[in-house]
Amino acid sequence: MTAHEQHHRSSPDDVRGVERLVPVWLEETQRHDAEAARAAREGWQRGSLSPDSAQDLAHWVTARVTDTGFNEDEGPDVQGPARITPADKEAVHRWLAGQGHPV
């Protein structure tokens, strides 16, 4: 296995992180775009996100990182229903790459 393949291989921790965050993403997507949420939910339930849904998830998790190491005076303060760390973002990106999606 090459280093590139190892980088894109999802660990059980990555899968747990994805399973924790995808419902939050789907709920938020439902509020903003019901059709996109329906398509993404169907793909998630089938075990295969469409390229558009995968791209949306990658962008969403990147935008929603809440544990940035900044303090209150430095910002940013990202509000949301789930705490998302940079490691969570990387886990989702690894999982998506492991599913064959460019991230």
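A brief structural summary. (Residues numbered from 1 in each chain as written. Predicted model: local features only at pLDDT ≥ 70, side-chain atom pairs only at ≥ 80, totals over all residues. Heavy atoms only, no water.)

**Some remarks on helix α3 (residues 34-46)**
Reasoning step 1: The end-to-end C-alpha distance of α3, which contains 13 residues, comes to 18 Å, matching closely the 18 Å that a straight helix rising 1.5 Å per residue would cover.
Reasoning step 2: Here α3 has its buried residues at A37, A40 and G43. In a view along the axis of α3, the buried residues occupy a sector of 130°, so they form one face of it. Counted as exposed and oriented over 90 degrees from the buried face of α3: Q45 and R46.
Reasoning step 3: G47 sits one or two residues past α3 and shows a positive phi near 90°. (Helix = DSSP H or I, 4+ residues; strand = E, 2+ residues; numbered from the N terminus. Expected span 1.5 Å × (residues − 1). Buried < 20%, exposed > 50% of the residue type's maximum accessible area, 1.4 Å probe, protein only. Arc of directions from axis to C-beta.)

**Remarks on the packing of helix α2 (residues 12-32) against α3**
Reasoning step 1: Two elements in contact, α2 and α3, have axes separated by 7 Å at closest approach and are oriented at 155°. Relative to α3, α2 is oriented roughly antiparallel. Touching V18, E19, V22, W25, L26, T29, Q30 and H32 of α2 are A34, A36, A37, A40, R41 and W44, all from α3.
Reasoning step 2: Taken together, the residues of the contact of α2 with α3 sort by class into 9 nonpolar, 3 polar and 2 charged. (Axes fitted to C-alpha atoms, helices over the stretch in contact; angles between N-to-C directions. Parallel < 35°, antiparallel > 145°, perpendicular 65-115°, else oblique. Contact = heavy atoms within 4.5 Å. Nonpolar A, V, L, I, M, F, W, Y, C, P; charged D, E, K, R; others polar.)

Honestly, that's just the spatial picture; any functional story needs more than this.
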